[in-house]
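# Results of the structural survey
Residue-level listing of the chains:
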Amino acid sequence: MPVGGLLFTSVLIVAVSLALFWMAAFTLWWQMHAWRTPETLAATRFGRPDGGGRLAFSLLLPARHEQAVLEHTIDRLLESSHSDYEIIVVVGHDDPGTAAVAERAADRAPHRVRVVVDHHETKNKPKALNTALPHCRGDIVGVFDAEDQVHPELLAHVDHAFRATGADVVQGGVQLINFHSSWYSLRNCLEYFFWFRSRLHLHAEKGFIPLGGNTVFVRTEVLRAAGGWDQNCLAEDCDLGVRLSSVGKKVVVAYDSDMVTREETPGSLMSLLKQRTRWNQGFLQVYRKRDWKQLPGRGQRWLARYTLMTPFMQAASGVIIPVNFAVALFLDVPVGIAFVTFLPMITALVTFVFEIVGLHDFGRQYGLRVRFVHYLKLIAGGPFYQVMLAGAAIRAVWREQRGRNEWELTSHVGAHLTEPTGAAAPATTTVPAPQTREDVHQ
């Protein structure tokens, strides 16, 4: 190779390697946020309810082709120990199967459950949520997904969090549970564990947070003043968090392993790919909307830019790291340059170690038996999972450039409702006496 070409290649390799190293280092450090000190970890939990004045909740449950899991979710919500809440199930006008399940639940519990019909020709989650928003009577609007397994004490803890902190938004924990279902479900569960257990707490502390899709609670007047959800955005939860952060609303994140909302991983790799495509495309849409530029702090804006572009940087790193490794082995570059190319590999190895420790902690907190084979699957599946993430990011960019914004629905079968061997039995609570409310079906 000519001297000029070798110099250019060497400089490029060093620049890319250092950028990947620092990106991975920052991501790992933020991922470890909750575990920095025992005090930090303790501060991530919900405070104990004081039994004080109660807020009223309107719980939105958008459901589309979810007849397999919807009834269980409604039944779990009806077990809530809180005395003042309503459940508004949003169904499509063209989805009679799900509507029938929702109507049966409303007939069983007319004091709690109402059904709202979404008549939009093109269906998606934010449109369903906006359809229900005018019907909300509560002080707080909460959002759940149709397959959620919700703890009976959650609303009491969220109620206390609002009153104790003066928050505008409270984000609770969400956890995928069925880590044993497939090789990719293992990594999918860990992603949720790190995100809700740790990373979101850092975002709340910094004043910029992309909210999670459910178990998120917003004061009704704040939500209405914000215009509800952006019905053209594929990551309406992230978008809402960015818009509320940009106008200085206070977001509190709380996580308790016994209080999280339990969910299932996508049932197939293709379903997971489509889900990640939707999220990545949504992040790209939020980035291009530029609401995050209204954040007052330069550090906040930098964090916003980095967070919203992370899926695409991860995809690039999944391609570049192997290329760097090949360059170091097969091209005649100086030893110092070759050494620099291995820096991203060092952070990758440290991340693997942290994931192994995280998997152990995940199993311990949820009473799940994590076997040696699961650790092997975690390590062996890492490169293949990275390829899937890269494919989802590339597909998201392709869809966005072509104006493809249709919602690719993730189907659910209730895999998280079947506990694996060694799992602790889920808690049960007696249904409280109902509070009288008028029977209204929209």
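Shown above is the structure to which this text applies.
Here is what the cut-offs are and how they apply
Along each chain, residue indices are assigned from 1 in the same order as the chain's sequence is written. pLDDT decides what is reported in this predicted model: residues at 70 or higher carry local features, side-chain atom pairs at 80 or more are listed and counted, and totals for whole chains, interfaces and linings draw on all residues regardless. Working from all heavy atoms in the structure, the side-chain values ignore hydrogens and water. A pair of Phe, Tyr and Trp rings is counted when the ring centres sit within 6.5 Å of each other, with Trp represented by its six-membered ring. The angle between the planes then sorts it: under 30 degrees is stacked, over 60 is edge-to-face, the rest tilted. Each helix is a run of DSSP H or I of at least 4 residues and each strand a run of E of at least 2, with the numbering of both proceeding from the N terminus. Accessibility here uses a 1.4 Å probe with only protein chains present; expressed as a share of the type maximum, an area under 20% marks a residue as buried, one over 50% as exposed, and anything in between as partly exposed. Whenever a carboxyl oxygen of Asp or Glu lies within 4 Å of a side-chain nitrogen of Lys or Arg, that contact is scored as a salt bridge. Patch membership requires over 30% relative accessible area and the absence of a salt bridge. Like charges are linked within 9 Å, and nonpolar side chains (Val, Leu, Ile, Met, Phe, Trp, Tyr) within 5 Å. Note on areas: these come from Shrake-Rupley sampling with a 1.4 Å probe, and a residue is covered only by the protein chains present in the view. Contact between two residues is taken to exist if any of their heavy atoms lie within 4.5 Å; hydrogens are not considered. Any pair of N or O atoms that falls within 3.5 Å is considered a polar contact. Within protein, one atom must be able to donate a hydrogen and the other to accept it, and sequence-neighbouring residues count only if both atoms are side-chain atoms. We treat two strands as partners when DSSP finds at least two bridges between them. The handedness of a crossover follows from its direction of travel: if, with the strands pointing away from the viewer, the path from the first strand over the helix to the second runs clockwise, the crossover is right-handed.

### Quick notes on the packing of aromatic side chains
Taken as a whole and assessed by the stated rule, the structure comprises 22 aromatic pairs. Judged by centre distance (6.0 Å) and plane angle (50°), the ring pair of Trp35 and Phe193 falls under tilted. One end of the pair, Trp35, is in the loop between helix H1 (3-31) and helix H2 (38-43); the other, Phe193, is in helix H7 (residues 183-206), and 158 residues separate them in sequence. For Phe193, a relative accessible area of 0% corresponds to the buried category. Geometrically, the ring pair formed by Trp183 and Tyr385 is edge-to-face, given 6.5 Å between the ring centres and 90° between the ring planes.

### A word on the pattern of salt bridges
Per the counting criterion, the structure on display carries 24 salt bridges. The salt bridge involving Arg243 is made with Asp239; its shortest N-O contact spans 2.8 Å. Within this pair, Arg243 and its partner Asp239 are both found in helix H9 (residues 236-246), separated by four residues, close to a single helical turn. Judged by its relative accessible area of 15%, Arg243 is buried. Residue class for Asp239 comes out buried when judged on its relative accessible area of 0%.

### Focus: a nonpolar patch on the surface
Together, Leu18, Trp22, Phe26 and Trp302 make up a nonpolar patch on the protein surface, roughly 410 Å² of accessible area in all. Positionally, Trp22 belongs in helix H1.

### Digging into helix H5 (residues 125-132)
Taken across its eight residues, H5 has eight buried, putting it largely inside the fold. For H5, the secondary structure elements touched by its buried residues are strand S1 (57-62), strand S2 (85-92), strand S3 (113-118), strand S4 (140-143) and H9. The N-terminus of H5 is capped by Asn124, whose side-chain oxygen sits 2.8 Å from the backbone nitrogen of Lys127.

### Some points on the pairing of S3
By the criterion of burial, S3 is predominantly enclosed, with five of the six residues buried. Relative to S3, S2 runs parallel, the two sharing six bridges. From the neighbouring strand, Gly92 faces S3, where its bridge partner is Asp118. The β-α-β motif built from S2, the intervening helix H4 (residues 96-108) and the parallel element S3 has right-handed crossover chirality.

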